[in-house]
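Survey of secondary and tertiary structure
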Amino acid sequence: MIHEVIGDRLMAAARAADLFIEKSSMNPQAPVGLATGSTMDGVYQHLEQRGFLPESSDAFALDDYKGLAEGSENSYFTELSKNFAARLGWSGRLHVPGHGPYAGSHGLALFEQTHLELGPVSIQLLGIGTNGHIAFNEPGAAFDSITREVELHPQTRQDNARFFADPSQVPTHAYSQGLATINRASSLVLLALGERKKPAVLQALESPGPLTPLAALLDHSDLTLITDFQL
Ligand code: F6R
């Protein structure tokens, strides 16, 4: 693992965007792996500023909520359609667990199979939750997990309540790539911004185990961790 500390939040996001450009350009036909959430905003903003248009015709999302209305502002399909596809002028296929052909348990199996067949993704962007979740693999998720329905941890629902009109509207369940799915990427870039993320990162590095999902990725041959705090 390579760890880079970049004290400025915007510059840290810009560094992740630069790695996205570098890694995806090394294998332009391969699909790319996207993440959502506040941390990723800066990454997609920077890609737009650089005028970067991914050559790949396929992009895989890490996860999405279960049970939101079609077109909901809070769905990660909507977020990526706006923040990635529309922003960059990219018109490829966006594969999102639980969405379109990937709805239902057959759909989740199809997502996993499509990810296998079209992959590996050249680069997978990752954030981390304050409780250490990676995608929606909450603490305790199996290291060999694949795409499936998951129950959200109360901490995750509390953290993400800021995006919803009322905390009771935060879904209780979601669909998520598993830790084994994520590990298939040719490269991983994990961006952890803000002191609130520090305990989760530290715990995974100092006492890796079943309760620290990041530990599942630490043996990956091309993992870059970017933080805006010292460890
Ligand atoms: C989103 C995802 C999540 C987020 C994490 C951090 O696709 O997979 O694991 O990366 O919840 O979210 P923010 O950046 O909003 O703190």
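Everything discussed here concerns the structure shown above.
Here we summarise the structure given alongside this text. (Residues numbered from 1 in each chain as written. Predicted model: local features only at pLDDT ≥ 70, side-chain atom pairs only at ≥ 80, totals over all residues. Heavy atoms only, no water.)

Let's talk about the overall build of the protein chain
A tally of regular secondary structure across the protein chain gives seven helices and 10 strands. Here the C-alpha atoms of the protein chain give a radius of gyration of 16 Å, agreeing with the 17 Å that 2.2 N^0.38 yields for 231 residues. The principal-axis extent of the C-alpha atoms belonging to the protein chain is close to 40 × 40 × 35 Å. Within the protein chain, buried positions represent 55% of all 231 residues. Put simply, the protein chain shows about 10000 Å² of open surface, and 52% of that area lies on carbon and sulfur atoms. (Helix = DSSP H or I, 4+ residues; strand = E, 2+ residues; numbered from the N terminus. Rg over C-alpha atoms; globule rule 2.2 N^0.38 Å. Buried < 20%, exposed > 50% of the residue type's maximum accessible area, 1.4 Å probe, protein only. Areas by Shrake-Rupley, 256 points an atom, 1.4 Å probe, with all protein chains shown as cover.)

Some remarks on the side chain of Asn131
Locating Asn131 in the fold gives a position in the loop between strand E6 (124-126) and strand E7 (148-151). Here His133 takes part through its backbone nitrogen, which lies 3.1 Å from a polar atom of the side chain of Asn131. Residues in contact with Asn131, not counting those within four places in the same chain, are Glu138, Pro139, His153, Gln155, Thr156 and Ala200. (Polar contact = N/O pair within 3.5 Å; in protein donor to acceptor, adjacent residues only side chain to side chain. Contact = heavy atoms within 4.5 Å.)

So, the site of the ligand
Around the ligand, the structure places 14 residues, and the nearest of them are Thr36, Thr39, Asp63, His133 and Lys197. In the model, an oxygen atom of the ligand is placed 2.9 Å from a nitrogen or oxygen of the Ala135 main chain. For the ligand, whose accessible area on its own is 410 Å², the fraction buried by protein is 94%. Looking at the shell around the ligand residue by residue, the class counts come to five nonpolar, six polar and three charged. (Near = heavy atom within 4 Å. Nonpolar A, V, L, I, M, F, W, Y, C, P; charged D, E, K, R; others polar.)

Quick word on the packing of aromatic side chains
For the structure shown, the criterion picks out 10 aromatic pairs. What links up through ring pairs into an aromatic cluster is the set Phe20, Tyr44, Phe52, Phe84 and Trp90. (Phe/Tyr/Trp six-rings, centres within 6.5 Å; stacked < 30°, edge-to-face > 60°.)

Considering the sheet that holds strand E8 (residues 173-176)
Taken together, three strands build an open sheet; the order of strands is E4-E8-E7 and the sheet is antiparallel. Of all strands in the sheet, those with a lone pairing partner are strand E4 (63-65) and E7, marking the two edges. With strand direction ignored, the average angle separating the axes of adjacent strands in the sheet is 30 degrees. As paired elements, E7 and E8 share four bridges and run antiparallel to each other. Paired with Glu151 across the two strands is His173, which belongs to E8. (Pairing = 2+ DSSP bridges. Axes fitted to C-alpha atoms, helices over the stretch in contact; angles between N-to-C directions.)

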